[in-house]
Amino acid sequence: MEHRRNQPQRHIVLTSHPGGSRPRHPPVKWGAATAVERGPVIASLSDVGHRNAIGAHAGSYAVYRALAVAAGQLSAYHVPDLTNTSPAQAIGPHPQWFDPDKIVSMDPFGHVVSEVFAEHLDRGMDVRPTIAVTKARIKMPELVDAMRAGRLKADGSVLLESGDARVTKVAIEPVWYLPGIAKRFGITEHELRRGLFEHTGGMFPELVTRHDLKVFLPPINGQTVYLLGDPAALTDPDRKVACRVHDECNGSDVFGSDICTCRPYLTHGIEECIRTAQDNGVGLVIYNRKEGRALGEVTKFLVYNARKRQPGGDRADAYFERTECVAGVQDMRFQELMPDVFHWLGVTRIDRMVSMSNMKSDAIRRAGVEIVEQIPIPDELIPDDAKVEMDAKKAAGYFTPVVPTAEELGVAKGRGLTD
């Protein structure tokens, strides 16, 4: 009987059709002056009539949830008990939360639904958080190495003698306000909806049938924010902010692959963040789930093979060309949406931006956030097999004090597949 109770109702409910003569969902007024006026984002299925958003919670993990329901392991009508889940660190509200053009890819109230939408919860509406804020420690061997080398010193607050660093960390699921997303990319909302519908195999019919629904929870991964030091410094003009915006690279970040500079640059950024936090500022690491420049890990590994098997071997002058031959494009990260998290945090100035990517820095500046200094990765942190990538990026316009010449691009050679 337990298995049967966990199952959804036998008939299929098409969420592309609102049902009934009068929809019961609360309206969403994106960018309204208060949370109550803005209204909650409801994408849960416990009561379809309350839904005012397209898609499902948990991003790409929504598929696992659907599988758990189909297998009878999870009740289709489970509603989370949010007792004691409130943020471990207060964030906001900031003026940017109430500007419909500033934040379009996340719900600024996603971490405080229990507080600002308590009335809706009391009325039985299944409003779910899309942001969670907690406290933790991170421990990376590179931080211990930096302490031994004298580049970092424990202070007992940000960095402990053990090498642990205290952080506030934030998990963020994507919530897209479709009119704002379309405006950000310079296309019409109709073009955006049709593109999303057609090129996901028609996964979400509401994109083309429910133009009354303006909010979409896409089935993609989100981001994690790590704050080192006092979060209040983020909005204090007299205190400095160091930042590393890092796009996921599982092979390097987790397993230490040396074909790219991702983990060295990440740990270098964390060092800079710790030093700034210890100097009465704050460090900010933004980790985006955009594996392989958002092309995916399968495509990335195919490109590795193509680079190392091409005539002349792995070389900088053909680096981006080989990616485009396989993927059809060099990069799909589209940094236009990335600055939203700075607006959510209330950041208006970054004093030390640990990045060589002008795609990132240009997008941040276009969003109205000042960057005082941009910091490249030190040469000594670049693995030998990653010099091909680094030279190619410098030649392609990445931030660097020295741009390699055409002759210099032919110097770096990557290892072969069997080396």
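Above this text sits the structure in question.
Predicted model, so just to flag it, every value in this text is computed and none were measured. Residue numbers restart at each chain and count upward from 1, following the sequence in its written direction. The predicted nature of this model means local features are confined to residues of pLDDT at least 70 and side-chain atom pairs, given and counted, to a pLDDT of 80 or more, with totals for whole chains, interfaces and linings taken over all residues. Heavy atoms from the whole structure form the basis of all side-chain values; hydrogens and water molecules are not counted.

## Examining the packing of helix α6 (residues 141-148) against helix α11 (residues 262-278)
- In this analysis, axes come from line fits to C-alpha atoms, helices being fitted only over the stretch in contact, and the angle between any two N-to-C directions falls in the range 0 to 180 degrees. Put simply, DSSP H or I for four residues or longer makes a helix, DSSP E for two residues or longer makes a strand, and each gets a number counted from the N terminus. Packing of α6 against α11 leaves a shortest axis separation of 10 Å and a crossing angle of 55°. Taken together, the axis directions place α6 and α11 in an arrangement best described as oblique. For the pair α6 and α11, the sense of crossing is right-handed. Side by side, α6 and α11 meet where Pro141, Glu142, Leu143 and Ala146 of the first sit next to Arg263, Thr267, Ile270, Glu271 and Ile274 of the second.
- Any residue outside Ala, Val, Leu, Ile, Met, Phe, Trp, Tyr, Cys, Pro, Asp, Glu, Lys and Arg is labelled polar, Gly included; the first ten of those are nonpolar and the last four are charged. Classifying every residue of the contact of α6 with α11 by side-chain character gives five nonpolar, one polar and three charged. What sets the label is the angle itself: under 35 degrees gives roughly parallel, over 145 gives roughly antiparallel, 65 to 115 gives roughly perpendicular, and the rest give oblique. Whether a crossing is left-handed or right-handed is set by the direction in which the near helix is turned from the far one by less than a right angle, anticlockwise for left-handed and clockwise for right-handed. Between two residues, a contact is recorded if the distance between any of their heavy atoms is within 4.5 Å.

## A closer look at a nonpolar patch on the surface
- Residues with no salt bridge and a relative accessible area higher than 30% make up the patches, which join like charges within 9 Å and nonpolar side chains (Val, Leu, Ile, Met, Phe, Trp, Tyr) within 5 Å. What sets the accessible areas is the Shrake-Rupley method with a 1.4 Å probe; for residues, cover comes only from the shown protein chains. Only one rule defines a salt bridge in this text: a Lys or Arg side-chain nitrogen within 4 Å of an Asp or Glu carboxyl oxygen. On the surface, Phe185, Ile187, Met332 and Phe334 cluster together into a nonpolar patch covering about 340 Å² of accessible area.
- Only protein chains enter the area calculation, which uses a 1.4 Å probe; residues under 20% of their type maximum are buried, those over 50% are exposed, and those in between are partly exposed. Of the residues examined, Ile187 reaches a relative accessible area of 35% and is grouped as partly exposed.

## Here we look at the environment of Lys393
- Within the secondary structure layout, Lys393 lies in helix α16 (residues 387-395).
- In sequence terms Lys393 and Arg293 are 100 residues apart; their C-alpha atoms lie 13 Å from each other.
- If we skip the residues at most four places from it in the chain, Lys393 touches Tyr319, Phe320 and Tyr398.

## What about the pattern of salt bridges?
- Taken as a whole and assessed by the stated rule, the structure comprises 30 salt bridges.
- Of the charged contacts, one joins Arg51 and Glu206 as a salt bridge, the two residues approaching to 3.7 Å between their closest N and O atoms. Linking Arg51 in the loop between α2 (35-38) and β1 (53-55) with Glu206 in helix α9 (residues 206-209), this pair joins segments that are 155 residues apart in sequence. Across the pair, Glu206 and Arg51 agree in class, each one buried.
- Between Asp331 and Arg333 there is a salt bridge, and its shortest N-O distance comes to 2.6 Å.

## A short note on the sheet that holds strand β4 (residues 176-177)
- Only strands joined by at least two bridges in the DSSP assignment are considered to pair. A sheet is described by the order of its strands in space; here three strands give the open sequence β1-β5-β4, paired in mixed fashion. Across the chains shown, the open sheet's two edge strands, defined by having one partner strand only, are β1 and β4.

## Examining helix α13 (residues 319-327)
- Among the residues making up α13, those that are buried are Tyr319, Phe320 and Thr323. All buried residues of α13 project into a common sector of 85° when viewed along the axis, lining one side.
- Positioned one or two residues after α13, Gly328 has a phi angle of 85°, which is positive. This arc is built from the directions going out from the helix axis to the C-beta atoms.

## Observations regarding the packing of aromatic side chains
- Ring pairs are drawn from Phe, Tyr and Trp, using the six-membered ring of Trp, whenever the two centres fall within 6.5 Å, and their geometry is named by plane angle: stacked under 30 degrees, edge-to-face over 60, tilted for the rest. Within this structure, the stated rule accounts for 11 aromatic pairs.
- A ring pair is formed by Trp30 and Tyr177, whose centres lie 5.1 Å apart and whose planes are at 0°; its orientation type is stacked. Here Trp30 is found in the loop between α1 (2-5) and α2, whereas its partner Tyr177 is found in strand β4, with 147 residues between them in sequence. Tyr177 matches Trp30 in its accessibility class, with the two residues each being buried.
- Measuring from centroid to centroid gives 6.0 Å for Phe98 and Phe109, while their planes differ by 50°, and the two rings are tilted. Of this pair, Phe98 sits in the loop between α3 (62-70) and α4 (113-116) while Phe109 is found in the loop between α3 and α4, placing the two residues 11 residues apart along the sequence.
- A residue is classified by how much of its surface remains accessible, and Phe109, at 4% relative accessible area, is buried.
- The criterion is that NZ of a Lys, or CZ of an Arg, lies within 6 Å of the ring centre and within 35 degrees of the ring normal, and then a charge sits over that ring. Taking the ring centre of Tyr265 as reference, the NZ or CZ of Arg244 above it sits at 4.2 Å.

## Considerations on the nonpolar core
- Of all hydrophobic cores here, the largest spans 38 residues; its most connected members are Val225, Leu284, Val341, Phe342, Trp344, Leu345 and Ile364.
- Secondary structure elements with two or more residues in this core: β2 (131-138), β3 (165-172), β6 (223-229), β7 (241-247), β8 (282-288), α14 (340-345), β9 (349-354) and α15 (358-366).
- In this view, Leu284 contacts Val225, Tyr226, Leu227, Leu234, Ala242, Cys243, Arg244, Cys273, Phe342, Leu345 and Val347; residues no more than four positions away in its chain are not counted.
- By nonpolar core is meant a set of buried Ala, Val, Leu, Ile, Met, Phe, Trp, Tyr and Cys residues that side-chain atoms within 4.5 Å join together. Counting residues in hydrophobic clusters, the runner-up holds 19 residues, among them Ile138, Ala165, Ile270 and Tyr287.

## Things to note about the sheet that holds β3
- Spatially, β2-β3-β6-β8-β7-β9-β10 is the arrangement adopted by the seven strands of the open sheet, whose pairing is mixed. Every interior strand has two partners, whereas the edge strands, β2 and β10 (370-375), have only one. Averaged over all pairs of adjacent strands, the angle between their axes in this sheet comes to 25°, without regard to strand direction.
- In terms of strand pairing, β3 meets β6 through five bridges, oriented antiparallel. Pairing of Thr168 across the sheet is with Leu227, part of β6.
- Across the sheet, α11 is in contact with β2, β3, β6, β7, β8, β9 and β10; its angle to β7 comes to roughly 160°.
- α15 contacts β7, β9 and β10 of the sheet and is inclined by roughly 165° relative to β10.

## Things to note about the packing of helix α12 (residues 297-309) against α13
- Interaxial distance between α12 and α13 falls to 9 Å at its minimum, and their mutual angle equals 125°. In terms of their interaxial angle, α12 and α13 are classed as oblique. By crossing handedness, the relation of α12 to α13 is classed as right-handed. Here α12 contributes Thr299, Leu302, Val303, Ala306 and Arg307 to the contact with α13, which in turn contributes Tyr319, Arg322, Thr323, Val326 and Ala327.
- For the contact of α12 with α13, a count of residues per class yields six nonpolar, two polar and two charged.

Any functional reading would require information beyond the geometric quantities listed.
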